[in-house]
Amino acid sequence: MKKKLLGVLLSAAMLGTMLVGCGSAPSTADNSKTEDTEKTDDSQQADNGADADADADADGDAKPAGDLTIEIVSKGFQHQFWQSVLKGAEKRAKELGVKINFVGPNSESDIADQVQMLTNAINAAPSAIALAALDTDACLDAISQAQSANIPIVGFDSGVPGAPDGAIVANAATDNYNAGAMAAEEAYKAALKDRIANASGPVRIGVMGQDATSESIISRGLGFVDKMIELAEGDNKTVSVEGNDKYVTDSTGETKDGADVILEIVVPASVTSELSAVDCQTLLNKPDIIAIYGSNQHSGDAMVTGDENLNKFGTGDDQVIGIAFDSGKVIKDAVKNGKFIGAITQAPVAMGEAVVQLCVNAATGEEVKDVDTGCQWYTAENIDSEEISQNLYD
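Residues numbered from 1 in each chain as written. Predicted model: local features only at pLDDT ≥ 70, side-chain atom pairs only at ≥ 80, totals over all residues. Heavy atoms only, no water.

Draft legend 1. How the structure looks around the sheet that holds strand E15 (residues 375–378). What the seven strands build is an open sheet, ordered E9-E10-E8-E11-E12-E13-E15; its pairing is mixed. Each edge of the sheet is formed by a strand with only one pairing partner; in this case those strands are strand E9 (239–243) and E15. Looking at each pair of strands side by side, their axes are set apart by 15 degrees on average, direction ignored. Strand direction decides the pairing type here: strand E11 (residues 289–294) and strand E12 (residues 321–325), joined by three bridges, are parallel. In the sheet register, Tyr293 faces E12, and the bridge partner there is Ile323. (Pairing = 2+ DSSP bridges. Helix = DSSP H or I, 4+ residues; strand = E, 2+ residues; numbered from the N terminus. Axes fitted to C-alpha atoms, helices over the stretch in contact; angles between N-to-C directions.)

Draft legend 2. Examining the packing of helix H8 (residues 273–284) against helix H9 (residues 297–306) more closely. Remark: H8 packs on H9, axes separated minimally by 8 Å, with the N-to-C direction vectors making an angle of 60 degrees. As far as their axial angle goes, H9 and H8 are oblique. For the pair H8 and H9, the sense of crossing is right-handed. Across the interface between the two elements, Ser273, Ser276, Ala277, Cys280, Gln281 and Leu284 from H8 touch His298, Ala302, Met303, Thr305 and Gly306 from H9. Of the residues belonging to the contact of H8 with H9, the class tally is five nonpolar, six polar and no charged. (Parallel < 35°, antiparallel > 145°, perpendicular 65-115°, else oblique. Left-handed = near helix turned anticlockwise from the far one by under 90°. Contact = heavy atoms within 4.5 Å. Nonpolar A, V, L, I, M, F, W, Y, C, P; charged D, E, K, R; others polar.)

Draft legend 3. Region of the structure containing the environment of Ser127. Residue placement: Ser127 occurs in the loop between helix H3 (111–123) and strand E5 (128–131). Distance in space between the C-alpha atoms of Ser127 and Asp67 is 8.8 Å, their sequence separation being 60 residues. Non-local contacts of Ser127, meaning those with residues more than four positions away in its chain, are made with Asp67, Leu68, Thr69, Pro152 and Ala363.

Draft legend 4. Structural context of the pairing of E9. Pairing of E9 with strand E10 (residues 261–266) involves five bridges; the strand directions are parallel. Paired with Ser240 across the strands is Ile262, a residue of E10.

Draft legend 5. A look at the nonpolar core. One finds Leu192, Ile205, Phe224, Met228, Val261, Leu263 and Ile323 to be the most contacted residues of the largest nonpolar core, which totals 37 residues. A total of nine residues in this core trace back to one element, the largest contributor, which is helix H6 (residues 215–234). Sequence-distant contacts of Ile323, that is, excluding residues within four places in its chain, are made with Ala183, Ala187, Leu192, Phe224, Ala291, Ile292, Tyr293, Gly294, Met303, Ile341, Gly342 and Trp377. If you look at the next biggest cluster of nonpolar residues, it comprises 31 residues, including Leu68, Ala130, Ala354 and Val355. (Core = buried A, V, L, I, M, F, W, Y, C linked by side-chain atoms within 4.5 Å. Buried < 20%, exposed > 50% of the residue type's maximum accessible area, 1.4 Å probe, protein only.)

This is the structure in structure tokens:
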């Protein structure tokens, strides 16, 4: 550990000694997971058994054990996605010798519960807080309280959109544009390149978006569209972007007559499974369609529903290539049985690791900046591998 960092931590430890007896009340959240290097008999939260002895850094200085505490307030607790974030957070906390308290409401509609958990986290006077806000407006008073107490807040997952300037020191999240681009690149390499090259006429690739308002959904769609334009034009094909005005306007392409590849973006009039399934059926029934990409779990599920009576998705030369995003059970099953060629999953384990590291850096005065926690392309061949399976969620 750098000497500068050690000095800061020693100063913090001395200050803590001076303030003995002035500690704040601990969090009382029910859905919590604590990693601590000191175990107490009256603890109401699960201890993951972190070892107090940490590895030495390159300078030979021992890492601190228990000097820093981090409160992590997620959008949920029972969902496997959040359990995977927790796994990564625990791993990095043990490596760094810090303690974490990971909490979240039972469901992502329990906004009031999350606000109370955030308030409890602030009252615990931690070194830093990580927050994936269900509703930023509902959290504003608590965020202001944390700022007044000089507790740095790190956003993760969808972060804290719309938070006051300077309130969130950094975010650890998936770069959705890059994730959409990865879906295009992997599908192009696996099958679309040859399909387009061997076509006797124009071909169509559908892009299904849940909406044209959510930043993450739009980014995943635009990342796919822009990368597909780049790849097809790199193979000397002309590309036309058609459909939803938002996507057409914001993409790097334009609408053209007589193009070799047509990218058609469809968005339902309202976000319902039924309307999205109809959108999929409409695309599947077009004679020039060769592939459809669904940019989130809603769209991926709708693709499976829309194909139930058509049975057009598959890997055969005369079938439509299915490409999805996220890893709900329906999508995972479609990948396993060959209906979809593959899908993108976010990397919640890496997200947990990154958010703890950012919190430690922020708490010790190190410079922090946003971190892209990455994503992974999974197929029937690698879906059961340890690297992929730990990041899949329902």
